[in-house]
Amino acid sequence: MDALLLRKLPLGLRLSLTALTLVLLGGYAASGLHMAEHHGPRDGQEGLTSSDITGVYHGVQSPSLLRSALERGHPSEIDGAAEVPATDREALLSWLGSDRVIEDWDNLDLGDRVPADLLDINCMDCHGRSSSWRAEPPLEYLDDVRALAFDNDVSPTNEAILLASTHAHALSLFGVSLAAVLLLVLTRFKKSWISGISLAISVGLLLDLVSWWLARDSAAWVNGILIGGAAHALGIGLAGILVLLDLWLPDQARSHKGKA
C-alpha cells in the first residue's frame, strides 16, 4: 500500500494531480462567488444571506426595507443621530402602506406630507449622494426608493428546474467527491483526519441535496442546506489542501502515516 502514496508517484503524475487539484479548488471558489452573485439580490439585501437561500428553496416574503427601517426607529440606533419625528414617520409609513407609492412620491396635493420632501428633510444628511457621510442606499430620487419601497415576494425555484438541477449536481458532484476522497485516502495523513474529511464531503453533500426538496415544505430544512453545503465545501477544500501537501512535502513528513 505504501507504493500507492501520492508522494511516491513520478514527477509528471504529481504535476498533473497538482494542476487538477488547483482546478478543483478554483472551481469551488468560483461556484461560491457565482451563488452569491446569482442568489444574493433575491431578498433585496446586499450579499448572500440565509433569507436568499430560503427564497430559492422554500420561498420568502421580505418586507420593504424602507418600511422596516422606519418601523425599527432608524436612525435612532446610531449614536448621535436624531430620530425621525413621529408625524413624519407616520406619514411615510402611511405612504409605503398605500397602493400609490409611485404616484404620490412627489404629489404636491399632500401638502407637508409629500414623501420626497419628508425623505429630503430627514434622510439626505446621510443618504444623499453629496452628503459628507454618505450612507447606502441613496434616497434622493424615485428610482432610488423604488427598489426599497415594496415588499419582495420570492417564490421557490420551479420544481422542474429543481429536478434538473438535482440531476446535474448529484451526478457531477458524485464524481468530484469520489475523486477527492480517493486521493485523500492515498495521502500519508492520519486515518482519523481522512475519515472525518471524507464524511464531511459525502454526508454534507447528501444532506445538502436532500434538504433542497424537504425545504419546499418546511423552511427549517434550509438549515440542512446551509450545514450540508458548508460541510461539503469545507471538506473538499481541506481534501485539496492535504492532497497538495502530500504531493510536495518531503518524505520525512511521512512519520504520521497510518496513525489513527
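Details of the structure are given in the entry above.
Note that this is a predicted model, so its numbers are computed, not measured.

(A) Quick look at the packing of aromatic side chains. Enumeration over the complete set of coordinates arrives at three aromatic pairs. Consider the rings of Trp95 and Trp105, whose centres lie 6.2 Å apart with planes at 40°: the pair is tilted. A residue pair is termed long-range when its members are at least 10 positions apart, and Trp95 in helix α4 (residues 86–96) and Trp105 in the loop between α4 and α5 (115–127) qualify at 10 residues. Here Trp95 matches Trp105 in class, with each residue buried. With centroids separated by 6.1 Å and ring planes inclined at 15°, the aromatic side chains of Phe189 and Trp193 adopt a geometry described as stacked.

(B) Seen up close, the nonpolar core. In terms of nonpolar packing, the biggest core is built from 19 residues, with Leu66, Trp95, Trp105, Leu119 and Val145 touching the most fellow members. Those elements that provide at least two residues to this core are α3 (65–71), α4, α5 and α6 (142–149). Considering every element that reaches this core, the biggest residue donor is α5, with five residues. Among all residues touching Trp95, those that are not within four sequence positions of it are Leu66, Arg100, Val101, Asp104, Trp105, Pro115, Leu119 and Val145. Ranked by size, the runner-up nonpolar core spans 11 residues in total, among them Ile53, Val56, Tyr57 and Leu209.

(C) Broad picture of the side chain of Thr187. On the secondary structure map, Thr187 appears in the loop between α7 (159–185) and α8 (191–214). For Thr187, the side chain forms a polar contact with the main-chain oxygen of Leu184, separated by 2.6 Å. When near neighbours in sequence (up to four residues on either side) are disregarded, Thr187 contacts Leu5, Leu6, Ile194, Leu242, Val243 and Asp246.

(D) Quick peek at the pattern of salt bridges. Counting across every chain of the model gives six salt bridges. Across the pair Glu140 and Arg129 runs a salt bridge whose closest N-O atoms are separated by 3.5 Å. Linking Glu140 in the loop between α5 and α6 with Arg129 in the loop between α5 and α6, this pair joins segments that are 11 residues apart in sequence. You can call Arg129 partly exposed: its relative accessible area is 35%. Note that Arg146 and Asp143 form a salt bridge whose closest N and O atoms lie 3.3 Å from each other. Pair noted here: Arg146 and Asp143 are both in helix α6, with a separation of three residues, about one helical turn. With relative accessibility at 59%, the residue Asp143 sits in the exposed group. What emerges from the salt-bridge pattern is a single network uniting Arg129, Glu140 and Asp144.

(E) Expanded view of unusual backbone geometry. In this model, His74 is joined to Pro75 through a cis peptide bond whose omega is 10°. Looking at where Pro75 falls in the secondary structure, it is placed in the loop between α3 and α4. In this chain, Glu136 is followed by Pro137 through a cis amide linkage whose omega measures 0°. Along the polypeptide, Pro137 turns up in the loop between α5 and α6.

About the thresholds
- Residues numbered from 1 in each chain as written.
- Predicted model: local features only at pLDDT ≥ 70, side-chain atom pairs only at ≥ 80, totals over all residues.
- Heavy atoms only, no water.
- Phe/Tyr/Trp six-rings, centres within 6.5 Å; stacked < 30°, edge-to-face > 60°.
- Helix = DSSP H or I, 4+ residues; strand = E, 2+ residues; numbered from the N terminus.
- Buried < 20%, exposed > 50% of the residue type's maximum accessible area, 1.4 Å probe, protein only.
- Core = buried A, V, L, I, M, F, W, Y, C linked by side-chain atoms within 4.5 Å.
- Contact = heavy atoms within 4.5 Å.
- Polar contact = N/O pair within 3.5 Å; in protein donor to acceptor, adjacent residues only side chain to side chain.
- Salt bridge = Lys/Arg side-chain N within 4 Å of Asp/Glu carboxyl O.

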